[in-house]
Amino acid sequence: MSLDRSRRPEEGAAGGPGPGERWGAADEVRPSGAPLTDLDPDSAPALSLGGATHYPGPPGARPLDDDAYALLVANRAEAIAPILDAAGPGAQAGPGGPGAPAGPGFRPALGPGLIVALDVDGTILDRDGRVSDRLHAALSRLTATGAQIVVSTGRSVFASLPVAHHIGVRHGWMVCANGALTLRLDPGLERGHEVIDSVTFDPAHVISTLRQAIPEGIFAVEVPDEGFLVTRLFPDGELIEDQRVVSHEEIISRPVNRVVLRAPAMGLEEFSALVRSTGSSTVEEYSIGWTSWLDVAPEGVSKATALAGLAARLGTDASQVVAVGDGTNDIEMLRWAGLGVAMGSAPESVKASADIITESVWHDGCAAVLDALVDLLSTRSLRAAEREEL
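It should be emphasised that the depicted structure is a prediction, and the values quoted were computed from it without experimental measurement. (Residues numbered from 1 in each chain as written. Predicted model: local features only at pLDDT ≥ 70, side-chain atom pairs only at ≥ 80, totals over all residues. Heavy atoms only, no water.)

1. As for the overall build of the chain
Here comes step 1: Secondary structure assignment for the chain yields eleven helices and 14 strands.
Here comes step 2: Classification of the 390 residues of the chain by burial places 57% in the buried group.
Here comes step 3: Excluding contacts between residues fewer than 6 apart, the proportion of contacts in the chain whose partners are at least 24 apart in sequence is 63%. (Helix = DSSP H or I, 4+ residues; strand = E, 2+ residues; numbered from the N terminus. Buried < 20%, exposed > 50% of the residue type's maximum accessible area, 1.4 Å probe, protein only. Contact = heavy atoms within 4.5 Å.)

Here it is, written out as structure tokens:
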């Protein structure tokens, strides 16, 4: 069970960062939740991508100026360089998790073999549901090298597609529902995508168990391309997807990719304690952010397992994967990837699972890592070519 009980703001560090350290204040990043008002993300990105607009952002938060951002990129390059230098031959690692074997090292090369797996909320998107200009530029630069950007999120398919399209990912791959769904994106397909891997489980036992512990809770199950079946409507603004109210009998009547439990009137401490009291050990559980919300996924399923399957399908492995995230549902992915990067706003358990820590979403931490990576790999490729000519 993995429960992120809170995401509290941390005090900012004074002075400049050292290699692998955060630039400044670690902001509190809350999950998205604004209603989806426009399916065209280019026309209203703040709303259509899902941002917690009722939380405008940390007090005084503003982007770094150009000089500070350049220094941040250089700092991230200093953190990544030793990891590249230390990489050596190694066996393919299994998906990360407690007690998982060490990874195969990080031996990336610019091109289609390089997979960059990015979490959405708090990594790509800020709390206003926006993608910064710097991140847009860094993603475009990375895409131009041939690397494959894979949106890797706990969101549903419906809530993830506008984000992928907004950052220019219309061909390629996407991991949703914390690894239970893997999609191939292609505008030529009828819906612009197809599910290539879907892991489901029978929700009856877990819903029955949780219902006994929290009878006032709202239960939901995700139905790809349809939205959510729910036992009651969620509070306004909390689900981007469509909701259809059904009976308890109907909600447990079919295999599902995930179960969501929400207890709007319950404090997070009480909610977490009640969930723990159920003693459920047959599923992986994730708490999303700052409210009494629980995601339940199939046993053994995570973003890491989905990415491992995708990498094998594409003829590559963890040594060619960069993963960036900020939530407890990113831990396995960060451990498994050749380079795992935690955002500065992440809980300590997430930071401890990463190879390096970057700045928060408000200070373009993800963009800085991507720019640093392209700088490093381009320079090393050029030097290698020069050596061959001598």
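2. Notes on the nonpolar core
Here comes step 1: Counting residues in each nonpolar core, the largest one holds 59 residues, and the members touching the most others are Ile80 and Ile124.
Here comes step 2: When residues no more than four places from it in sequence are discounted, the contact partners of Ile80 are Phe106, Leu339, Ile356, Val369, Ala372, Leu373 and Leu376.
Here comes step 3: By size, the runner-up hydrophobic cluster in this structure holds 24 residues, among which are Ala304, Ala306, Ala346 and Ala354. (Core = buried A, V, L, I, M, F, W, Y, C linked by side-chain atoms within 4.5 Å.)

3. A word on the environment of Ser292
Here comes step 1: Its place among the elements puts Ser292 in the loop between strand 10 (284-287) and strand 11 (293-297).
Here comes step 2: When the C-alpha positions of Ser292 and Gly217 are compared, they lie 9.5 Å apart, and in sequence the two are 75 residues distant.

4. Here we look at unusual backbone geometry
Here comes step 1: Despite not being glycine, Ala177 shows a phi value in the positive range, around 55 degrees.
Here comes step 2: Considering the arrangement of structural elements, one finds Ala177 in the loop between strand 3 (172-176) and strand 4 (181-185).
Here comes step 3: In this structure Ala177 comes out as buried when scored by relative accessible area, which is 1%.
Here comes step 4: Of note, Asp364 is a non-glycine position whose phi angle comes to about 60 degrees, a positive value.
Here comes step 5: Topologically, Asp364 is positioned in the loop between strand 14 (356-357) and helix 11 (365-389).

5. Regarding the packing of helix 3 (residues 133-144) against helix 11
For any two helices packed against each other, one specifies the inter-axial angle together with the distance between the axes.
Here comes step 1: It is at 9 Å that the axes of helix 3 and helix 11 come closest, and there the two elements cross at 30 degrees. The angle between the axes of helix 3 and helix 11 places the two elements in the roughly parallel class. Every pair of crossing elements has a handedness; the one defined by helix 3 and helix 11 is left-handed. In contact with Arg134, Leu135, Ala138, Leu139, Arg141 and Leu142 of helix 3, helix 11 contributes Cys366, Ala367, Leu370, Asp371, Val374 and Asp375.
Here comes step 2: Each residue belonging to the contact of helix 3 with helix 11 can be placed in one class, and the counts come to eight nonpolar, no polar and four charged. (Axes fitted to C-alpha atoms, helices over the stretch in contact; angles between N-to-C directions. Parallel < 35°, antiparallel > 145°, perpendicular 65-115°, else oblique. Left-handed = near helix turned anticlockwise from the far one by under 90°. Nonpolar A, V, L, I, M, F, W, Y, C, P; charged D, E, K, R; others polar.)

6. Let's talk about helix 8 (residues 303-313)
Here comes step 1: Every buried residue belonging to helix 8 is among Lys303, Ala304, Ala306, Leu307, Ala308, Leu310 and Ala311, and all of these are buried.
Here comes step 2: Turning to helix 8, the residues buried within the fold contact strand 1 (115-118), strand 2 (148-152), strand 3, strand 4 and helix 9 (331-336).
Here comes step 3: Following helix 8 by one or two positions, Gly315 has its phi on the positive side, about 75 degrees.

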